[in-house]
Amino acid sequence: MPADKGASAQYRTPVAENFPLDLVLPNFKKACSLRYGENPGQPAAFYRQPDARGATMAHFEVLQEGKGLGYINLADMNLGQRVVERLSWLYGSHRQVCCIVKHEIPAGVALGGDVESAFGQAWECDPLSAFGGVHVFSGTVGASLAEKLLEKGRNAEVVYAPDFSCDALSVFQRRKDLRVVRMGHVNPAADGGLDYKSVTGGMLVQQRFRSRINSSRDLTCVSEAQPSSDQSASAIFNWNVACFTRSNAVVIGSYFQTHGIGAGQQSRIDAAFMAVRKANGRDGSSKGLGSNGTFMASDAFMPEPDVVELAAKHGSKDATFHLTITQKILENTIMDDHSPLNESPMTQNDDDSSSSDTIPIFSDEETEDFMGNHQIDLLNSPNIDLN
């Protein structure tokens, strides 16, 4: 299948920028020394941006130091906080979010009626990868969840949340090397909206990506098959996880839980193989949630149908991509994020989706049919409209 010309043109078209000739970095203040850098033997420190607000790393508070935070720990905390902030913005306070991170890649992401149920569902996404991870939450961690985090076979390295009950902190004290950190906020970040990457002899700067997919109105279906409400919900959830997953990224899952995450692969098909293999238990070596009936989201350029064919072979029924695919493939529902690559930072919904009225995401019948044995509190969402 030849690549769609309109889609591939986005890669060939320069994006205008107005960055200054002389770059002045924000005012960073040294906050703490770190245990070591990316590898043992590398000195490292963390500098905070004092005027940053919202879901940033500027104002975290270490409640239990444990063996001390390292460079990768903070990078994982940052990634998890960004995922939690984004999903909290989309779903509102009715839903709680858990994101488990390893090496700056989500291992499992899920929504729940409370943080404990969100954790349970995030953990079962990929227990093997979640082992030794950084656990990030959108709400207060209580004693019951603290007990689960200390269970044998989890080895949580860092717990990062907006708050903790006194009983939870007492539970965590039983594991002396655990790091427990309180985040500042889960509100959208306000720190200038730029990403900086140091390279040898220079600095790369770009506007931070923030997807404009907030509702089904932001999706364009380019197949003959049209999505149901649960398929649209799955597109929104999995796409918004894929946005924070290292490219090439393929994420498969339901509308509330990832099943398999393939990340950081040079080839899109390798990322897809990874996601499917994880979902199906790594050829029997671990327990997986399965790929049958899932939705697939990817940031990869898809000039050929290989990834979609692989997903369909393993039971993934639908897909959404950043770039348009213009023909029907295997009778799957194909949707695309038609927003430009040079998006502006988003602080609120578009005018047509900012109503304060809330609507049910799914009917009771749809929820019962789709969820099977999974239990989740599906309440109204203030920012997502699937009608």
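Residues numbered from 1 in each chain as written. Predicted model: local features only at pLDDT ≥ 70, side-chain atom pairs only at ≥ 80, totals over all residues. Heavy atoms only, no water.

Next up on the list: the overall build of the protein. Within the protein, the regular secondary structure consists of 11 helices and 16 strands. In the protein, which comprises 387 residues, the proportion classed as buried is 49%. If you take every contact in the protein between residues at least 6 apart in sequence, the share linking residues at least 24 apart comes to 59%. As displayed, the protein offers around 18,100 Å² of accessible surface, 48% of which is attributable to carbon and sulfur atoms. (Helix = DSSP H or I, 4+ residues; strand = E, 2+ residues; numbered from the N terminus. Buried < 20%, exposed > 50% of the residue type's maximum accessible area, 1.4 Å probe, protein only. Contact = heavy atoms within 4.5 Å. Areas by Shrake-Rupley, 256 points an atom, 1.4 Å probe, with all protein chains shown as cover.)

The pairing of strands in a sheet happens through backbone hydrogen bonds and is either parallel or antiparallel. Taken together, six strands build an open sheet; the order of strands is E3-E8-E7-E6-E4-E5 and the sheet is mixed. Pairing within the sheet leaves two strands with one partner each, and these edge strands are strand E3 (61–64) and strand E5 (105–112). The sheet shows a mean angle of 20° between the axes of neighbouring strands, direction not considered. Bridge analysis of strand E7 (residues 158–161) against strand E8 (residues 179–182) gives four bridges, and the strand direction is parallel. Of the residues in E8, the one forming a bridge with Tyr160 is Val181. Sheet contacts for helix H2 (residues 71–91): strand E4 (96–102), E5, strand E6 (134–137), E7 and E8; angle to E4, the most-contacted strand, approximately 155°. (Pairing = 2+ DSSP bridges. Axes fitted to C-alpha atoms, helices over the stretch in contact; angles between N-to-C directions.)

Before going further, it helps to spend a moment on the nonpolar core. Nonpolar side chains in soluble globular proteins tend to be buried together. Membership of the largest hydrophobic core comes to 44 residues, with the highest contact counts inside it found for Phe60, Leu69, Leu74, Met77, Leu87 and Tyr160. Element by element, the count of residues in this core is highest for H2, at nine residues. Residue contacts for Leu69: discarding those within four places in its chain leaves Leu34, Arg35, Phe60, Val62, Leu74, Met77, Val158, Arg179 and Val181. By size, the runner-up hydrophobic cluster in this structure holds 24 residues, among which are Ala122, Ala130, Phe137 and Val171. (Core = buried A, V, L, I, M, F, W, Y, C linked by side-chain atoms within 4.5 Å.)

Take the pattern of salt bridges next. In the structure shown here, the tally under the stated rule is 14 salt bridges. Of the charged contacts, one joins Asp191 and Arg208 as a salt bridge, the two residues approaching to 3.0 Å between their closest N and O atoms. Of this pair, Asp191 sits in the loop between E8 and strand E9 (194–199) while Arg208 is found in the loop between strand E10 (202–207) and strand E11 (219–221), placing the two residues 17 residues apart along the sequence. Classification of Arg208 by relative accessible area gives buried; the value is 19%. Ionic pairing is found between Arg208 and Asp195, a salt bridge with its closest N-O pair at 3.0 Å. (Salt bridge = Lys/Arg side-chain N within 4 Å of Asp/Glu carboxyl O.)

Within the sequence span of helix H3 (residues 115–123), burial applies to Val115, Ala118, Phe119, Gln121, Ala122 and Trp123. Among the structural elements, E4, E5, helix H4 (127–130), E6 and helix H5 (143–149) are those in contact with the buried residues of H3. In this structure Asp114 caps H3, since a side-chain oxygen of it lies 3.1 Å from the backbone nitrogen of Glu116. (Polar contact = N/O pair within 3.5 Å; in protein donor to acceptor, adjacent residues only side chain to side chain.)

Attention now moves to the side chain of Arg154. If you trace the backbone, Arg154 turns up in the loop between H5 and E7. Judged by relative accessible area, which is 13%, Arg154 ranks as buried. At a separation of 2.8 Å, a polar atom in the side chain of Arg154 contacts the side chain of Glu151. Discounting chain neighbours no more than four positions away, the residues touching Arg154 are Phe119, Trp123, Ala130, Phe131, Gly132, Lys148 and Leu149.

Quick look at the confidence of the model for the protein now. When pLDDT is averaged along the protein, the result is 81; 79% of the residues meet or exceed 70. Note that pLDDT drops below 50 for residues 323–333; the model gives that stretch 38 contacts with residues more than four away or on any other chain. This model gives residues 338–387 a pLDDT under 50, and the stretch forms 107 contacts once residues within four places in sequence are excluded. (pLDDT = per-residue confidence, 0-100.)

At a minimum axis separation of 10 Å, H2 and helix H7 (residues 229–242) run at an interaxial angle of 155°. If you check the angle between H2 and H7, you find them roughly antiparallel. Between H2, through Arg86, Leu87, Leu90 and Tyr91, and H7, the contact on the second element is made entirely by Ala233, Ile236, Phe237 and Asn240. (Parallel < 35°, antiparallel > 145°, perpendicular 65-115°, else oblique.)

Together, Leu23, Leu25, Phe28, Tyr47, Tyr196 and Met203 line one region of the surface with nonpolar side chains, adding up to about 520 Å² of accessible area. In this structure, Met203 sits in strand E10. (Patch = residues over 30% accessible without salt bridge, like charges linked within 9 Å, V, L, I, M, F, W, Y side chains within 5 Å.)

Turning our attention to unusual backbone geometry. With an omega of -5°, the peptide bond running from Ser247 to Asn248 counts as cis. Checked against the element boundaries, Asn248 lands in the loop between H7 and strand E12 (250–253). Even without a glycine there, the phi angle at His103 is positive, about 55°. Within the element layout of this structure, His103 appears in the loop between E4 and E5.

A few words on the pairing of E8. As defined by bridge partners, E3 adjoins E8 across three bridges and the pair is classed as antiparallel. Its bridge partner lying in E8, Glu61 is registered against Arg182. Chirality of the crossover, the property in question, places the unit of E7, helix H6 (residues 166–172) and E8 among those that are right-handed. (Right-handed = clockwise from strand over helix to strand, strands pointing away.)

What follows covers H7. At 3.6 residues per turn, the α-helix brings residues three or four places apart onto the same side. Taking 1.5 Å of rise per residue, 14 residues should cover 20 Å, and H7 covers 20 Å from first to last C-alpha, within 8% of that figure. Burial within H7 is extensive, with 14 of its 14 residues counted as buried. (Expected span 1.5 Å × (residues − 1).)

In the structure shown here, the tally under the stated rule is five aromatic pairs. With a centroid separation of 6.2 Å and 55° between ring planes, the pair formed by Phe119 and Phe137 is classed as tilted. One end of the pair, Phe119, is in helix H3; the other, Phe137, is in strand E6, and 18 residues separate them in sequence. When sorted by exposure, Phe119 lands in the same class as Phe137, which is buried. On the basis of an interplanar angle of 80° and a centroid distance of 6.1 Å, the ring pair of Phe164 and Phe172 is categorised as edge-to-face. The exposure classification of Phe164 matches that of Phe172, with both residues buried. Each member of the aromatic cluster is reached from another via a ring pair, and the members are Phe119, Trp123 and Phe137. Directly above the aromatic system of Trp89 lies the positively charged group of Arg210, at a separation of 5.9 Å from the ring centroid. (Phe/Tyr/Trp six-rings, centres within 6.5 Å; stacked < 30°, edge-to-face > 60°. Lys NZ or Arg CZ within 6 Å of the ring centre and 35° of its normal.)

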